[in-house]
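Understanding the architecture of this molecule
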Amino acid sequence: MIGERIKQARTAAVLSLRELAEKAGVSAMAISKYETGKSTPSSGVLLSLSKALGVPVEYFLRTERVALEEVEYRKHTKLPKKLLRQIGGDVIEQVERYLELEHVFPTLPIKPFKIPDGLPDHINNYADIEGVADRVRETWDLGTNPIPELTDTLEEHGIKVFQTKLFHANHFDGLAANVNSMPIIVVGEDWPGDRQRFALAHELGHLLLKGRLSGALDEEKASNRFAGAFLVAKSVVFNELGQRRRWLEPQELCVLKKVYGLSMGGWMHRAHDLGILADMHYQTMVRLFRARGWHKEESCDEYPREKTRLFTQLVYRALAEDLISESKAAELLRVPLKKFHSLRNMETIHGAGVPAHPSSG
């Protein structure tokens, strides 16, 4: 198992045997023997490998084995296999930590994902997707108000959300997969919040629309339509923009972006999808966006980035219920024990004079 872990971490780091050997100060032949199970590394060697690979020593000792199933990368261009392996390794490492934490609870703290009842078996046109989005909002008790934290909403309903720094530039729009029938969605950690939200809603669309679309409909376009409709319901769009428009003021779109977390371009597309902007007026706005470079970077403050809070909250819950030790909590959160001790006692907020937690130290 340790050998498999070493190879998995090396692959994720996109390092050859020789490159890892140079970074860790261990011979390439020795690493090869570790990976094939012909030899077992000492604790000192494991420490050197952990530093070279950027993973905690405990990573090599985990027994949980995870395989991503039905992996879908939403990408604009063909990417090198090395980068895909690196992204996959990063995601697997995060999923493994989540599953390890989940297993310490006697009863699962979060209900498993369930496709909402009442969705149509067959969808024959894009306009019908508006009703699908409305049905999901209704089932999840979201109403028509803005969804302040989409990540929290998805995780409350059994969809695990992870973030990675490896989604470079504009090559990726996200990743979706399954692990033990658990749907997961991965977005870029440093993406603007509105882009993260659209990617999350888009992947939710793929999950819910799969097997329901007629052959005449494009799944990517359908998922885009769902994403817009889920983030801003049809009735809300009409309420905010009216029934017919010849023009949408950029400042108007910027204000709406800040309220609903849907990009300026996203609002423009919603207006076109719902017939508020006729084709001619929509194309005029598209030309404006392209001329000013807003199709790449909008001239409007970024919407706040999404945060993945559930995992951290569950770590502290498990700690409070004596299901894990402080050292295990630090390992799961991938922070040094000393730093975790300070975080636990909220010393970074209130200062070092705060009394320590009764069970710490």
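These notes cover the structure that comes with them.

Two elements in contact, helix α2 (residues 17-24) and helix α4 (residues 43-53), have axes whose closest approach is 9 Å; the angle formed by their N-to-C orientations is 110 degrees. For the element pair α2 / α4, the angle class is roughly perpendicular. Two packed elements cross with a definite hand, and for α2 against α4 that hand is right-handed. Contacts from L20, K23 and A24 of α2 reach α4 at S48, L49, A52 and L53. For the contact of α2 with α4, a count of residues per class yields five nonpolar, one polar and one charged.

Turning next to helix α1 (residues 2-12). Along α1, the residues that are buried comprise G3, R5, I6, A9, R10 and A12. Considering only its buried residues, α1 is in contact with α2, α3 (28-35), α4 and α5 (81-102). In the stretch just after α1, V14 is the one whose phi turns positive, near 55 degrees.

The next point concerns the packing of α5 against helix α14 (residues 310-320). In contact at an axis separation of 10 Å, α5 and α14 are set at 35 degrees when each is read in the N-to-C sense. For the crossing formed where α5 meets α14, the hand is left-handed. Residues R97, Y98 and L101 of α5 form the contact with α14, whose own contacting residues are L310, F311, L314, V315 and A318. The residue makeup of the contact of α5 with α14, split by class, is seven nonpolar, no polar and one charged.

With respect to the helices and strands, the residue E306 is situated in the loop between α13 (279-291) and α14. A polar side-chain atom of E306 sits 3.1 Å from the main-chain amide nitrogen of L150. In this structure the side chain of E306 is engaged in a polar contact, spanning 2.6 Å, whose partner is the backbone nitrogen of T151. When near neighbours in sequence (up to four residues on either side) are disregarded, E306 contacts P148, E149, L150, T151, Q163, Q196, R197 and L200.

We now examine the pairing of strand β4 (residues 182-188). Among the seven residues that make up β4, seven are buried, leaving the element largely enclosed by the rest of the structure. Here β4 shows a buried face lined by M182, I184, V186 and G188 and a second buried face lined by P183, I185 and V187. As judged from the five bridges shared by strand β2 (residues 160-164) and β4, these two strands associate in the parallel manner. When the sheet's bridge partners are listed, F162 is paired in β4 with V186. Note: strand β3 (residues 172-179) against β4, five bridges, orientation antiparallel. Its bridge partner lying in β4, A177 is registered against I184. In this antiparallel pair of consecutive strands, β3 and β4, the connection spans two residues, and N180 shows a positive phi of 55 degrees.

Turning our eyes to something else, we now look at the packing of aromatic side chains. Across all of its chains, the model carries six aromatic pairs by this definition. Relative to F340, the ring of Y316 lies with its centre 5.5 Å away and its plane at 15 degrees, an arrangement referred to as stacked. Here Y316, found in helix α14, pairs with F340, found in helix α16 (residues 337-344); they are 24 residues apart in sequence, far enough to count as distant. Residue classification places F340 among the buried residues on the basis of a relative accessible area of 0%. Linked through ring pairs, W140, F226 and F230 together constitute an aromatic cluster. Above the ring of F230, the side-chain terminus of R137 is found at 5.8 Å from the ring centroid. Above the face of the W191 ring, R195 is positioned so that its terminal group lies 3.9 Å from the ring centre.

Cut-offs applied
- Residues numbered from 1 in each chain as written.
- Predicted model: local features only at pLDDT ≥ 70, side-chain atom pairs only at ≥ 80, totals over all residues.
- Heavy atoms only, no water.
- Axes fitted to C-alpha atoms, helices over the stretch in contact; angles between N-to-C directions.
- Helix = DSSP H or I, 4+ residues; strand = E, 2+ residues; numbered from the N terminus.
- Parallel < 35°, antiparallel > 145°, perpendicular 65-115°, else oblique.
- Left-handed = near helix turned anticlockwise from the far one by under 90°.
- Contact = heavy atoms within 4.5 Å.
- Nonpolar A, V, L, I, M, F, W, Y, C, P; charged D, E, K, R; others polar.
- Buried < 20%, exposed > 50% of the residue type's maximum accessible area, 1.4 Å probe, protein only.
- Polar contact = N/O pair within 3.5 Å; in protein donor to acceptor, adjacent residues only side chain to side chain.
- Pairing = 2+ DSSP bridges.
- Phe/Tyr/Trp six-rings, centres within 6.5 Å; stacked < 30°, edge-to-face > 60°.
- Lys NZ or Arg CZ within 6 Å of the ring centre and 35° of its normal.

Shape descriptors only; they carry no functional weight alone.
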